[in-house]
Amino acid sequence: MDTTPNQRLEYLYKEYVRLNDKAESLISSTYDDFKSLGVVGAVIIVWKPISEIILPTIPKLESSLFLFLGFLSLLIILGLVALSNLIKQSYSWYFVYNLQAYEVEIKKELREAEDSQVFNFNLGKGETRFIVASYRLAFRTFVLSFAAFITFIPFAILCYSSVFYAALYLAISLIGFTVYLQIFKRVLKQYSSHKFLL
């Protein structure tokens, strides 16, 4: 289809805005997931008093088992929220890749110099170690501190109730967080390759 340079630029810009809006909505929804993590984290703190209220209604259930099952359920919910958050983040990175291609084309249409900062928001992410420097450290620190909170508070509470359940919970949570960090590392490696981010 033959188009004038102005029509091509208008089309490129509209598509650029559309992709940018999608990326922005995904990023916003990942912040909502952090709120969910906070809510579940708060429930972990108050789970012991809650379990003491609920337990008398289920006389056949041992208190330490009920406490363990509650913490384990919360851990599973947190794991599912964290994995869905990682999926959203990988889509966000994919949109950034597409935005980079549009920025290159828009700069060509505007006849901007290679080192021009016009339409350079996502192209700047192509600098060596951008993702490593600005994202990996912050996200890993958040995940590890949250993992410590989610692992060691229930572990300490369970130690007073049953050392066996405490050790079992600690093992399950450490395995879960190790698996999550490995998945995160593989996804990040894919998106931080030089071919993917210009």
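Per chain, residues are indexed from 1 in the order of the written sequence. Per-residue local features are limited, in this predicted model, to residues with pLDDT of at least 70; the limit for side-chain atom pairs, both in listing and counting, is 80 or more; totals at the level of whole chains, interfaces and linings are taken over all residues. For the side-chain quantities, the full set of heavy atoms in the structure was used; hydrogens and water were omitted.

1. Thoughts on the nonpolar core
Here is step 1 of the chain: Judged by nonpolar contacts, the single largest core of 20 residues is most densely connected at Phe 71, Ile 150, Leu 158 and Tyr 169.
Here is step 2 of the chain: By definition, any uninterrupted DSSP run of H or I lasting at least four residues is a helix, any uninterrupted run of E lasting at least two residues is a strand, and each is numbered from the N terminus. Of all the secondary structure elements, the ones that give two or more residues to this core are α1 (5-54), α2 (63-109), α3 (130-161) and α4 (163-191).
Here is step 3 of the chain: If near-sequence neighbours (up to four positions away) are discounted, Phe 71 is found in contact with Ile 44, Trp 47, Pro 154, Ile 157, Leu 158 and Tyr 169. Remark: nonpolar core denotes a set of buried residues (Ala, Val, Leu, Ile, Met, Phe, Trp, Tyr, Cys) joined through side-chain atoms within 4.5 Å. Exposure categories follow from relative accessible area, calculated using a 1.4 Å probe and restricted to protein chains: below 20% of the type maximum is buried, above 50% is exposed, and the middle band is partly exposed. Here a residue-residue contact requires only that any non-hydrogen atoms of the pair lie within 4.5 Å.

2. Focus on the pattern of salt bridges
Here is step 1 of the chain: Put simply, a salt bridge is a Lys or Arg side-chain nitrogen that is within 4 Å of an Asp or Glu carboxyl oxygen. On inspection of all chains with the given rule, the structure shows three salt bridges.
Here is step 2 of the chain: With a closest N to O distance of 3.4 Å, Lys 14 and Glu 10 form a salt bridge. A residue pair is termed a helical-turn pair when its members lie 3 or 4 positions apart in one helix, as Lys 14 and Glu 10 do in helix α1 at four residues.
Here is step 3 of the chain: Since its relative accessible area comes to 54%, Lys 14 is described here as exposed.
Here is step 4 of the chain: With a shortest N-O distance of 2.4 Å, Glu 15 and Arg 18 are connected by a salt bridge. Taken together, the residues span about one helical turn, with Glu 15 and Arg 18 both in helix α1 at a distance of three residues.

3. Regarding α2
Here is step 1 of the chain: The span one expects for a helix is its residue count, reduced by one, times 1.5 Å. The end-to-end C-alpha distance of α2, which contains 47 residues, comes to 69 Å, matching closely the 69 Å that a straight helix rising 1.5 Å per residue would cover.
Here is step 2 of the chain: In the stretch just after α2, Arg 111 is the one whose phi turns positive, near 55°.

4. A closer look at the layout of surface pockets
Here is step 1 of the chain: Computed from the structure, the second largest pocket encloses a volume of approximately 350 Å³.
Here is step 2 of the chain: Buriedness of a pocket was judged along seven lines, with at least five required to meet protein on both sides within 12 Å; pockets are open sets of points on a 1 Å grid over the protein atoms alone, cavities are sets where a 1.4 Å probe fits but cannot get out, and lining residues have an atom within 4 Å of a point. Residue lining of the second largest pocket: 21 residues in total, with Leu 78, Gly 79, Ala 82, Phe 177 and Tyr 180 positioned closest to the centre.
Here is step 3 of the chain: Those elements that provide at least two residues to the lining of the second largest pocket are α1, α2, α3 and α4. Grid points are joined across faces, edges and corners, and a volume is the space filled by probe spheres set on the points.

5. What about the side chain of Ser 173?
Here is step 1 of the chain: One can find Ser 173 in helix α4.
Here is step 2 of the chain: Looking at Ser 173, its side chain comes within polar contact range of the side chain of Thr 151, at 3.5 Å.
Here is step 3 of the chain: Setting aside residues up to four positions removed in sequence, Ser 173 forms contacts with Leu 75 and Thr 151. Polar contact is the term for a pair of N or O atoms within 3.5 Å; when the atoms are in protein, one must be able to donate a hydrogen and the other to accept it, and sequence-neighboring residues count only if both atoms are side-chain atoms.

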